Amino acid sequence: VQLVESGGGLVQPGGSLRLSCAASGFIFSRYGMSWYRQAPGKERELVAAIRSAGGSTNYADSVKGRFTISGDNAKNTVYLQMNSLKPEDTAVYYCTGVVRFQRYWGQGTQVTVSS
């Protein structure tokens, strides 16, 4: 199982970014996936999650209405569209999923929101 994130970078407040997580080594459509983030000096926190069956989603209160998680089964990729970014969204963002009872993490991608 391998998860590879991309799409991070530096963006001004109010801007947008789309993160991608390319998955391999498992049947992507059978598993739910999540995005977490970790800011300096803080614990890693759940940002958004998408379930495999039906594709229902849930979000942290801090990102509701601004972030959207989605999946493309044909591309084995999960996305995180981030709009109206704020400085407090600055963090390393990680893609994660539990496959065959084991949790896997990507290497993370840095998102910096600053003017």
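Shown above is the structure to which this text applies.
The following refers to the structure shown. Since this is a predicted model, take the numbers as computed values, not measurements.

Rules and cut-offs
Residues numbered from 1 in each chain as written. Predicted model: local features only at pLDDT ≥ 70, side-chain atom pairs only at ≥ 80, totals over all residues. Heavy atoms only, no water. Helix = DSSP H or I, 4+ residues; strand = E, 2+ residues; numbered from the N terminus. Rg over C-alpha atoms; globule rule 2.2 N^0.38 Å. Pairing = 2+ DSSP bridges. Axes fitted to C-alpha atoms, helices over the stretch in contact; angles between N-to-C directions. Core = buried A, V, L, I, M, F, W, Y, C linked by side-chain atoms within 4.5 Å. Buried < 20%, exposed > 50% of the residue type's maximum accessible area, 1.4 Å probe, protein only. Contact = heavy atoms within 4.5 Å. Disulfide = S-S within 2.5 Å. Polar contact = N/O pair within 3.5 Å; in protein donor to acceptor, adjacent residues only side chain to side chain.

### Comments concerning the overall build of the protein chain
Thinking step 1. Broken down by element type, the protein chain carries 0 helices and 11 strands.
Thinking step 2. Listing every helix and strand of the protein chain by position from the N terminus yields β-β-β-β-β-β-β-β-β-β-β.
Thinking step 3. Relative to the 2.2 N^0.38 estimate, which gives 13 Å for 115 residues, the radius of gyration of the protein chain is 13 Å and therefore close to what a compact globule would have.
Thinking step 4. With the principal axes as the frame, the protein chain shows a C-alpha extent of 40 × 25 × 20 Å.

### Thoughts on the sheet that holds strand S1 (residues 2–6)
Thinking step 1. Spatial ordering of the open sheet is given by S1-S3-S8-S7, a layout of 4 strands whose pairing is antiparallel. Each of the sheet's edge strands pairs with one partner strand only, and the pair in question is S1 and strand S7 (67–72). Each adjacent strand pair in this sheet contributes to an overall mean axis angle of 15°, direction not counted.
Thinking step 2. Judged from the 6 bridges that link them, strand S3 (residues 17–24) and strand S8 (residues 77–82) form a sheet pairing that is antiparallel. Bridging across to S8, Arg-18 finds its partner in Gln-81.

### Focus on the nonpolar core
Thinking step 1. Formed by 28 residues in total, the largest nonpolar core has its most connected members in Trp-35, Val-78, Leu-80, Met-82 and Tyr-93.
Thinking step 2. At the level of secondary structure, the elements contributing two or more residues to this core comprise S3, strand S4 (33–38), strand S5 (45–50), S7, S8, strand S9 (91–99) and strand S11 (109–113).
Thinking step 3. Contact partners of Leu-80, with chain neighbours within four places excluded, come to Leu-17, Arg-18, Leu-19, Trp-35, Val-47, Ala-48, Phe-67, Thr-68, Ile-69 and Tyr-93.

### Concerning the pairing of S1
Thinking step 1. Of the two faces of S1, the one holding Leu-3 and Glu-5 is buried and the one holding Gln-2, Val-4 and Ser-6 is not buried anywhere.
Thinking step 2. Both S1 and S3 contribute to a ladder of 5 bridges, which runs antiparallel. Residue pairing for S3: Glu-5 is matched across the bridge by Cys-21.

### Points about the state of the cysteines
Thinking step 1. Counted according to the given criterion, the structure contains 1 disulfide.
Thinking step 2. Two residues, Cys-21 and Cys-95, share a disulfide whose sulfurs are 2.1 Å apart. Disulfide Cys-21 to Cys-95: torsion about the S-S bond roughly -75°, handedness left-handed. Of the two residues, Cys-21 sits in strand S3 while Cys-95 sits in strand S9, which places them 74 residues apart along the sequence. The burial state of Cys-21 is the same as that of Cys-95; both residues are buried.

### Thoughts on the side chain of Asp-89
Thinking step 1. Of note, Asp-89 is situated in the loop between S8 and S9.
Thinking step 2. Looking at Asp-89, its side chain comes within polar contact range of the side chain of Arg-66, at 2.8 Å.
Thinking step 3. Leaving out residues up to four positions away in the same chain, Asp-89 has contacts with Arg-37, Arg-66, Phe-67, Ser-84, Val-111 and Val-113.

### Some points on the pairing of S8
Thinking step 1. Extensive coverage of S8 is indicated by the burial of 5 of its 6 residues.
Thinking step 2. Bridge count between S7 and S8: 6 bridges; the pairing is antiparallel. Note on S8: the bridge partner recorded for Asp-72 is Thr-77.
Thinking step 3. The turn linking S7 back onto S8 is made up of 4 residues, and Asn-76 within it adopts a positive phi angle of 50°.

In short, the description is geometric, and any link to function would need to be established separately.
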